[in-house]
Amino acid sequence: MIANVRIGATEIGALNAPLIVAEMSGNHNQSLQKALELVDEAANAGAHAIKLQTYTADSMTLDRSEGLFYIDDENSLWYGKTLYELYQQASTPWEWHEAIFARAKEKNIEIFSSPFSDEAVEFLEKLGAPAYKIASFENNHWTLLIR
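Here is what the cut-offs are and how they apply
- Residues numbered from 1 in each chain as written.
- Predicted model: local features only at pLDDT ≥ 70, side-chain atom pairs only at ≥ 80, totals over all residues.
- Heavy atoms only, no water.
- Phe/Tyr/Trp six-rings, centres within 6.5 Å; stacked < 30°, edge-to-face > 60°.
- Helix = DSSP H or I, 4+ residues; strand = E, 2+ residues; numbered from the N terminus.
- Salt bridge = Lys/Arg side-chain N within 4 Å of Asp/Glu carboxyl O.
- Buried < 20%, exposed > 50% of the residue type's maximum accessible area, 1.4 Å probe, protein only.
- Pairing = 2+ DSSP bridges.
- Axes fitted to C-alpha atoms, helices over the stretch in contact; angles between N-to-C directions.
- Parallel < 35°, antiparallel > 145°, perpendicular 65-115°, else oblique.
- Left-handed = near helix turned anticlockwise from the far one by under 90°.
- Contact = heavy atoms within 4.5 Å.
- Nonpolar A, V, L, I, M, F, W, Y, C, P; charged D, E, K, R; others polar.
- Right-handed = clockwise from strand over helix to strand, strands pointing away.

K.L.:
For this particular structure, what's the right way to read the packing of aromatic side chains?
P.N.:
To describe a pair of aromatic rings, one takes the distance between the centres and the angle between the planes. This structure, assessed with the given rule, holds four aromatic pairs. Taking the centre distance of 5.8 Å and the plane angle of 85° together, the rings of Y55 and Y87 count as edge-to-face. In this pair, Y55 sits in the loop between strand 4 (49–54) and helix 2 (57–60) while Y87 sits in helix 3 (residues 83–90), placing the two residues 32 residues apart along the sequence. The interplanar angle of 80° and the centroid separation of 5.5 Å between the aromatic rings of Y55 and F116 together place this pair among those described as edge-to-face. Of this pair, Y55 sits in the loop between strand 4 and helix 2 while F116 sits in the loop between strand 5 (110–115) and helix 5 (118–127), and the two are 61 residues apart along the sequence.

Now the structure itself:
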């Protein structure tokens with residue numbers, strides 16, 4: 001049998017109820033107020049935890065406007081944008097993390113993140129993140145995994 005693990009005060013294992021995690025991601029639409037409301041709504045809905053993503057556009061892609069970095073498909077919702085611009089729009093500003101973590105604590109809901117760089121892990125450690133979710137396409141990012 002696999003041993004139980006903990007995310008903060010919540011024990012996860014075969015004999016425990018499922019852990020319900022709400023995903024914040026970029027659903028805040030670049031509004032800190034909306035991000036805090038998402039924490040409130042996740043707690044009100046009965047989620048046990050909320051997960052966000054911790055990255056910057058610079059840690060995800062290059063600031064280029066040609067080739068694969070530019071969306072030139074006229075049928076795309078993101079036509080005319082660069083990947084860099086999209087990552088900027090979807091990212092959760094690091095300056096907001098402390099307030100979001102505080103709101104989660106206030107609402108008695110666990111909070112953790114998917115870091116996309118070693119710097120993001122160091123930042124989240126300072127905030128007391130109880131766990132990390134490794135994004136699927138980061139599963140070969142060795143320095144991130146060994147942290």
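K.L.:
Looking at this structure, I do not really get the pattern of salt bridges. What am I missing?
P.N.:
Between side chains of opposite charge, a pair can form when the charged atoms approach closely. Throughout the structure, instances matching the rule amount to three salt bridges. Across the pair R6 and E11 runs a salt bridge, and its minimum N-O distance is 3.6 Å. What makes E11 partly exposed here is its relative accessible area of 33%.

K.L.:
Would you take a moment to explain the pairing of strand 5 for this structure?
P.N.:
For a regular strand, side chains alternate in direction, first toward one face of the sheet and then toward the other. Across the six residues that make up strand 5, a large majority, six, are buried. Here strand 5 shows a buried face lined by E110, F112 and S114 and a second buried face lined by I111, S113 and P115. Bridge analysis of strand 4 against strand 5 gives six bridges, and the strand direction is parallel. The residue of strand 5 that forms the bridge with K51 is F112.

K.L.:
Quick question: what am I supposed to make of the packing of helix 1 (residues 32–44) against helix 4 (residues 94–106) here?
P.N.:
The contact between helix 1 and helix 4 brings their axes to 9 Å, and the two run at 25°. As the angle between them shows, helix 1 and helix 4 are arranged roughly parallel. Note that helix 1 runs across helix 4; the crossing there is right-handed. Residue-level inspection shows L32, A35, L36, V39 and D40 of helix 1 in contact with helix 4, the latter providing W96, A99, I100, R103 and A104. By residue class, the composition of the contact of helix 1 with helix 4 is eight nonpolar, no polar and two charged.

K.L.:
How do you make sense of the pairing of strand 4 when you look at a structure like this?
P.N.:
Most of strand 4 sits out of view: six of its six residues are buried. The two faces of strand 4 match: A49, K51 and Q53 on one face and I50, L52 and T54 on the other face are all buried. Here strand 3 (residues 21–23) pairs with strand 4 via three bridges, running parallel. Within the sheet, the bridge partner assigned to V21 lies in strand 4 and is A49. Crossover handedness for the path strand 3 to helix 1 to strand 4: right-handed.

Function cannot be read off these values alone, since they describe shape.
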